[in-house]
Amino acid sequence: MNSLRHDWTLSEITALFVQPFNDLLFQAHRLHREHFDPNHVQVSTLLSIKTGACPEDCAYCSQSARNDADVERERLLPLDEVVAKAKTAKLNGATRFCMGAAWRNPTDRNLDKVIDMIEAVHALGLETCVTLGMLTRQQSIRLKQAGLDYYNHNLDTSPEYYGDIITTRTYQDRLDTLEHVRDAGINVCCGGILGMGEQQQDRVSLLQQLANLPKHPESVPINMLVQVEGTPLYGAEKLDALDFVRTIAVARILMPCSWVRLSAGRSDMSDEMQALCFFAGANSIFYGDKLLTTSNPDENQDRMLFDKLGINTEQQAAQDLGSIASA
Ligand code: SAM
Ligand code: DTB
Ligand code: SF4
């Protein structure tokens, strides 16, 4: 097995980015095939369990109380509603159920309720993932004890551009939460957002941060900004589609055993662009017509795309996670 590196330099990553497109995609796809079935895509379904009124000032987010987006705020959903949504997701073919809350961090009482949800979703035979904001070491241990499979916490962008996007929590706060989650033994889901007006060097630097973590995240969501009216980033210059594909390819090369998720933003992507992303090494998506507050392609559309591409979504043996676990 190719040994995983955690010492990538900015100039090495830049050199990958600026190769001719075909050379980059060939390199990424070859590595993808070495570690994964190239015709398999993992599907996760998202549910917002607590929506809006978030105290943080993330410039992209519809749920920040400081932004002016038209989002109906909702309290923490009751357990039976969450279980009903998870059952539907499972019937539709999802293998992982991800629950997101618009919190800076959960209180311990919040966490009790989320733990009930994790246990109930797990009992349906689904993998569980939550994204609740910053966590303490103790809270991470409690989530592990509840059987949580994945915790999503993104770095969002490069350390250099970060201050232009969020001022209410630091990059180091994010790294600290990732360390707590990792140390508790929970699988890490960590990625970022492209198309926020960042430069290529920021995309290089974000990927360097992810690849040089002490262990690669098992899951790396690459989101294309969903521009929401009323947020500061509404109207930001769009990222060229091929630069997005290049970023997926470089993520695949740097983190060859991680699941790279083609996350938010697929509603604005053509079938051809998504097909290129899958070729470049993306092998996971969010499935179902809603992300947290914005829309996603509906299941029929995705089924049709997968049929055209010959992609299967059945759950597979965890042989690939096994290979990263030993790295
Ligand atoms: N409040 C928690 C937090 O921020 O850690 C969890 C939920 S938050 C919505 C999870 C992630 O969704 C963010 O870190 C960001 O990467 C992504 N996200 C939020 N709004 C987005 C948007 N408009 N476009 C793309 N990604 C977005
Ligand atoms: C991630 O990286 N992307 C998801 C998930 N983690 C929680 C969130 C996407 C949110 C898109 C905007 C919205 O629907 O509010
Ligand atoms: Fe709050 Fe998370 Fe949105 Fe930031 S990304 S405003 S922390 S819900």
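Refer to the preceding data block for the structure.
Keep in mind the model is a prediction, meaning the values are calculated, not measured. (Residues numbered from 1 in each chain as written. Chains lettered and ligands numbered in written order. Predicted model: local features only at pLDDT ≥ 70, side-chain atom pairs only at ≥ 80, totals over all residues. Heavy atoms only, no water.)

Novice: Tell me about the site of ligand 2, residues and numbers included.
Specialist: For ligand 2, the set of nearby residues contains 13 residues, the closest of which are Asn154, Asn223, Leu292, Thr293 and Thr294. One nitrogen or oxygen atom from the side chain of asparagine 223 is found 2.8 Å from an oxygen atom belonging to ligand 2. When isolated, ligand 2 has an accessible area of 400 Å², and the protein chains bury 86% of it. Residues belonging to the shell around ligand 2 are distributed by class as follows: six nonpolar, seven polar and no charged. (Near = heavy atom within 4 Å. Polar contact = N/O pair within 3.5 Å; in protein donor to acceptor, adjacent residues only side chain to side chain. Areas by Shrake-Rupley, 256 points an atom, 1.4 Å probe, with all protein chains shown as cover. Nonpolar A, V, L, I, M, F, W, Y, C, P; charged D, E, K, R; others polar.)

Novice: Go over the site of ligand 3 with me, naming the residues and quoting the values.
Specialist: Ligand 3 sits among Cys54, Glu56, Cys58, Tyr60, Cys61, Ser64, Ala102 and Arg169. Among the residues making up the shell around ligand 3, the classes are represented as five nonpolar, one polar and two charged.

Novice: Could you give an account of the pattern of salt bridges, with specific residues and numbers?
Specialist: Applying the stated rule across the entire model yields 14 salt bridges. When the shortest N-O distance is used, the salt bridge between aspartate 7 and arginine 5 registers 2.8 Å. Residue class for arginine 5 comes out partly exposed when judged on its relative accessible area of 29%. For arginine 137, the salt bridge identified is with glutamate 179, shortest N-O distance 3.1 Å. Taken together, the positions of arginine 137 in helix α5 (residues 137–145) and glutamate 179 in helix α7 (residues 171–184) put the pair 42 residues apart, joining distant regions of the chain. Judged by relative accessible area, which is 36%, arginine 137 ranks as partly exposed. (Salt bridge = Lys/Arg side-chain N within 4 Å of Asp/Glu carboxyl O. Buried < 20%, exposed > 50% of the residue type's maximum accessible area, 1.4 Å probe, protein only. Helix = DSSP H or I, 4+ residues; strand = E, 2+ residues; numbered from the N terminus.)

Novice: Now, about the nonpolar core: what can you tell me, with residues and values included?
Specialist: Tyr60, Leu132, Leu143 and Phe244 are the most contacted members of the largest nonpolar core, which totals 89 residues. Ranked by residue count, the leading element in this core is helix α9 (residues 241–254), at eight residues. Apart from the residues within four sequence positions on either side, leucine 143 is in contact with Leu111, Ile115, Ile118, Leu132, Leu135, Leu148, Tyr151 and Ile186. Leu46, Cys129, Ala264 and Leu291 belong to the second-largest nonpolar core, a separate cluster that totals seven residues. (Core = buried A, V, L, I, M, F, W, Y, C linked by side-chain atoms within 4.5 Å. Contact = heavy atoms within 4.5 Å.)

Novice: Could you give an account of the environment of arginine 246, with specific residues and numbers?
Specialist: Note that arginine 246 resides in helix α9. A relative accessible area of 15% means that arginine 246 is categorised as buried. Spatially, the C-alpha atom of arginine 246 lies 8.8 Å from that of valine 18, the residues being 228 residues apart in sequence. Apart from the residues lying within four places of it in its own chain, the contact partners of arginine 246 are Phe17, Val18, Gln19, Pro20, Phe21 and Leu24.

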